[in-house]
Amino acid sequence: MAPITLNDVKIILAVLTVIVGLTIAIVEIRKNPDYWLNRFFAMFFLFVGLGFGGFTAYHLITWDENLTLGIMVATNVLLNFSLACLLMTEFILQHSEVIAMKAKFLIFAFGLFLASVIGYAFLFPTLDMTAYAAKEVNTHTDIFLLAGVTLYRLAIVFYVLFKFISLVKKAESEKVKKQLKLFSIGMIFIILGILLFLVGNMIVGNVGILLEIVGQICLNIGMIEEGRGFLVKD
């Protein structure tokens, strides 16, 4: 039996992220399926889970480069869409469901999402074909597109974190304060996960893979903390 490699661990953690994301999404939507705050939080977790499902899939597909790249792009689209949903949760918490569901907020959140992914239609990623022939998936994205996608992700999560922390101070209910604190802790871990995953993707070799693994662990901790926020009782 072949020993487990760091790549194996990375794939296993990606599968775990799918399970965590889907589980929390189900918990969120079942608590109050008619409330858009729960719906957007559930979609955030759902699309993060699906995104990492795609991440798992395209790293296992080493026989069809077009399929590999197609899933890779779909993965990034799903992850960016999840952040648009996360942004909507902040709008609802800050302004109320009625106000946040107006066109200006929806257009802003999902317009940013479209702007973050439109580049994939013109600057399609490529594969390192030498590595691909050796059954390793190593994708290359245009530096400007990668910078834009990264900026979008970091801007959303930092903005939401800042807003969550500021809302803690304004909250009158102890339950809401506890929820927002857990949301904030979750966002800190998610930001750390994104940063570590980004740096890991830029570093070749075991050091890069190890950073990606730690990033995935942080991401899972962050999602669990966010999910715990909705389980706070009066």
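Keep in mind the model is a prediction, meaning the values are calculated, not measured.

(A) Inspection of the overall build of the protein chain at higher detail. Along the backbone of the protein chain there are 9 helices and 2 strands. For the protein chain, the sequential pattern of α-helices and β-strands runs α-α-α-α-α-β-α-β-α-α-α. In terms of C-alpha radius of gyration, the protein chain reaches 18 Å, essentially the compact-globule figure of 17 Å for 234 residues. Each of the three principal axes of the protein chain carries a C-alpha extent, and together these read 60 × 40 × 25 Å. Counting only contacts in the protein chain whose residues sit at least 6 apart along the sequence, the fraction spanning at least 24 positions is 73%. Carbon and sulfur atoms provide 70% of the accessible area of the protein chain, an area that totals close to 11,900 Å². Placing the 17 positive and 16 negative side-chain charges of the protein chain at their respective mean positions leaves the two points 12 Å apart.

(B) Representation of the nonpolar core. In this structure, F41, F44, F52, L86, V157 and M187 are the most contacted members of the largest nonpolar core, which totals 60 residues. Of all the secondary-structure elements, those providing two or more residues to this core are α1 (6-31), α2 (36-60), α3 (65-95), α5 (103-117), α7 (143-170), α8 (174-202) and α9 (206-229). The residues contacting V157, other than those within four sequence positions of it, are L83, L86, M187, I190, I191 and I194.

(C) Just the pattern of salt bridges, in detail. Across all of its chains, the model carries 4 salt bridges by this definition. Its salt-bridge partner being K10, residue E212 comes within 3.1 Å of it at the nearest N-O pair. Separated by 202 residues along the polypeptide, E212 in helix α9 and K10 in helix α1 bring together distant segments of the chain. The class of E212 is buried, set by a relative accessible area of 5%. Where R228 meets E225, a salt bridge forms, and the shortest distance between an N and an O atom there is 3.0 Å.

Rules behind the numbers
- Residues numbered from 1 in each chain as written.
- Predicted model: local features only at pLDDT ≥ 70, side-chain atom pairs only at ≥ 80, totals over all residues.
- Heavy atoms only, no water.
- Helix = DSSP H or I, 4+ residues; strand = E, 2+ residues; numbered from the N terminus.
- Rg over C-alpha atoms; globule rule 2.2 N^0.38 Å.
- Contact = heavy atoms within 4.5 Å.
- Areas by Shrake-Rupley, 256 points an atom, 1.4 Å probe, with all protein chains shown as cover.
- Lys, Arg positive; Asp, Glu negative; His and termini not counted.
- Charge placed at Lys NZ, Arg CZ, Asp CG, Glu CD.
- Core = buried A, V, L, I, M, F, W, Y, C linked by side-chain atoms within 4.5 Å.
- Buried < 20%, exposed > 50% of the residue type's maximum accessible area, 1.4 Å probe, protein only.
- Salt bridge = Lys/Arg side-chain N within 4 Å of Asp/Glu carboxyl O.

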